[in-house]
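Architecture and fold: a report
Each chain is listed here by its residues.
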Amino acid sequence: MTKTALITGAFGGIGFACVQRFLKEGWRVVGADIAAPLQTPNGDFTYIPFDLSDTGGIDALLSAAGEILALVNVAGVAPKKRGDLLDMTEESYDFVTGINTKGTFFLTQAVAKQMIRHPENCAIVNISSMSAYTSSTSRGEYCISKAGVSMITKLFADRLAEYDIPVNEVRPGIIATNMTSGVKEKYDALIDGGLLPLKRWGRPEDVAAAVFALASGALPYVTGQSVDVDGGFHLRRL
Ligand SMILES: NC(=O)c1ccc[n+]([C@@H]2O[C@H](COP(=O)([O-])OP(=O)(O)OC[C@H]3O[C@@H](n4cnc5c(N)ncnc54)[C@H](O)[C@@H]3O)[C@@H](O)[C@H]2O)c1
């Protein structure tokens, strides 16, 4: 039977690496993204335009996708402008949390209801961030949104455990994609200065490797877990 993965944010840096990894492993991939594809990957791939901030579009996405074995929640946004926490606007808060947290929650809820009708080999993987537990006062709305994603992981891991559906999370560190291109010099300097034990930027493929392991059953009996793909950023060091 063909295995289908639904991957949101499929045309971003991390999403596209996930798309390519699942295709390479012989899966059928449905890529959902608000952005139109810049390149079409080789393999059994279907693109469905989808805005994660619009819960009204979920039913159409799921009917077009067919039976899903793996849901990979990658789509996410940073604030349009970084700025002091004391000046954060309600508009920016709603924009970031509306996509990253609310959108991820309601898509996961809808897919979970579908999965429990055919739970065998199903899995859900969320992309949160090191920002789920790290304070960045210039983008507080992003940190809040990703802490919310971490709770979404725990809640669905708990709720879907009776169906043997694992729900896990990957926490990327500093990964070279569009999202981080505007702060490249800042992060280059921090990495040079020793911020990360593994002294390099993360690559989208590093994240996709962890996502695939969690989604494909390579780590049985693991649920509600988060995997830091961050070059060791999370270590406390003396
Ligand atoms: N790059 C990093 O360093 C890093 C670190 C930690 C976590 N992350 C997370 O990884 C995920 C992917 O980020 P990336 O670095 O690949 O960024 P990216 O900007 O390259 O990709 C994000 C993708 O999400 C899509 N998207 C944005 N809003 C959407 C919406 N409303 N509906 C549907 N799709 C939407 C975009 O079109 C884009 O294709 C995000 O959730 C991000 O928060 C990234």
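Refer to the structure above for everything that follows.
First, a word on scope: everything that follows refers to the structure included in this document. (Residues numbered from 1 in each chain as written. Predicted model: local features only at pLDDT ≥ 70, side-chain atom pairs only at ≥ 80, totals over all residues. Heavy atoms only, no water.)

To continue, consider the sheet that holds strand β7 (residues 226-229). The parallel open sheet is built from seven strands, whose spatial order is β3-β2-β1-β4-β5-β6-β7. One side of each edge strand has no neighbouring strand; the edge strands of this open sheet are β3 (45-49) and β7. The sheet shows a mean angle of 15° between the axes of neighbouring strands, taken without regard to direction. Here strand β5 (residues 123-127) runs beside strand β6 (residues 167-172); their pairing, made up of four bridges, is parallel. Residue pairing in the sheet places Asn-126 in a bridge with Glu-169 of β6. Strands β1 (4-8), β2 (28-33), β3, β4 (70-73) and β6 of the sheet are contacted by helix α1 (residues 13-24), whose axis makes an angle of about 170° with β1. Sitting on the sheet, helix α2 (residues 58-65) is in contact with β1, β2 and β3, with an inclination near 160° to β2. (Pairing = 2+ DSSP bridges. Helix = DSSP H or I, 4+ residues; strand = E, 2+ residues; numbered from the N terminus. Axes fitted to C-alpha atoms, helices over the stretch in contact; angles between N-to-C directions. Contact = heavy atoms within 4.5 Å.)

We now examine the packing of aromatic side chains. This model, assessed by the stated rule, comprises nine aromatic pairs. Aromatic side chains Phe-22 and Trp-27 sit 5.1 Å apart centroid to centroid with 90° between the ring planes, which places their arrangement in the edge-to-face category. Just as Phe-22 is buried, Trp-27 falls in that class too. Arranged with centres 5.0 Å apart and planes meeting at 75°, the rings of Phe-22 and Phe-212 form a pair that is edge-to-face. (Phe/Tyr/Trp six-rings, centres within 6.5 Å; stacked < 30°, edge-to-face > 60°. Buried < 20%, exposed > 50% of the residue type's maximum accessible area, 1.4 Å probe, protein only.)

Relative to the elements of secondary structure, Thr-177 occurs in the loop between β6 and α5 (178-181). Leave out the neighbours within four places in its chain, and Thr-177 touches Gly-13, Ile-14 and Pro-204.

Of all residues adjacent to the ligand, which total 30 residues, the nearest are Asp-33, Leu-52, Val-74, Tyr-142 and Thr-177. Here an oxygen atom of the ligand and a side-chain polar atom of Asp-33 are 2.6 Å apart. In the complex, the protein chains occlude 91% of the 820 Å² of accessible area that the ligand would expose alone. Top contributing element to the shell around the ligand by residue count: α5, with three residues. Of the residues belonging to the shell around the ligand, the class tally is 16 nonpolar, 11 polar and three charged. (Near = heavy atom within 4 Å. Polar contact = N/O pair within 3.5 Å; in protein donor to acceptor, adjacent residues only side chain to side chain. Areas by Shrake-Rupley, 256 points an atom, 1.4 Å probe, with all protein chains shown as cover. Nonpolar A, V, L, I, M, F, W, Y, C, P; charged D, E, K, R; others polar.)

All right, on to the layout of surface pockets then. Empty space within the second largest pocket amounts to approximately 380 Å³. If you go around the second largest pocket, you meet 21 residues; those closest to its centre are Cys-122, Asp-164, Pro-166, Pro-220 and Tyr-221. For the lining of the second largest pocket, a count of residues per class yields 14 nonpolar, four polar and three charged. (1 Å grid on protein atoms, 1.4 Å probe; cavity = no way out; pocket = protein on both sides within 12 Å on 5 of 7 lines; lining within 4 Å. Points joined across faces, edges and corners; volume = space filled by probe spheres on them.)

Moving on, we get to unusual backbone geometry. The backbone phi angle of Asp-164 is positive, close to 60°, even though this residue is not glycine. When you line up the elements, Asp-164 lands in the loop between α4 (140-160) and β6. Phi at Tyr-221 takes a positive value of approximately 70°, unusual for a residue other than glycine. On the secondary structure map, Tyr-221 appears in the loop between α7 (204-215) and β7. Judged by relative accessible area, Tyr-221 falls into the exposed class, the value being 88%.

Here the focus is the pattern of salt bridges. Considering all chains together, one arrives at five salt bridges under this definition. Note that Glu-169 is salt-bridged to Arg-171, the shortest N-O span being 3.1 Å. Overall, Arg-171 belongs to the buried group, its relative accessible area being 14%. Lys-184 serves as the salt-bridge partner of Asp-188, at 2.7 Å between the closest nitrogen and oxygen. Placement of both Asp-188 and Lys-184 in helix α6 (residues 184-192) is noted, with a separation of four residues, approximately one turn of the helix. Residue class for Lys-184 comes out partly exposed when judged on its relative accessible area of 44%. (Salt bridge = Lys/Arg side-chain N within 4 Å of Asp/Glu carboxyl O.)

Now for the nonpolar core. Of all hydrophobic cores here, the largest spans 57 residues; its most connected members are Leu-6, Ile-7, Phe-22, Leu-107, Val-170 and Val-211. Residues within four places of Phe-22 in sequence aside, it is in contact with Ala-5, Ile-7, Trp-27, Val-29, Ala-70, Val-72, Val-211, Phe-212 and Ala-215. Core analysis: the second largest hydrophobic core is formed by eight residues, Met-130, Val-183, Ile-191 and Phe-233 among them. (Core = buried A, V, L, I, M, F, W, Y, C linked by side-chain atoms within 4.5 Å.)

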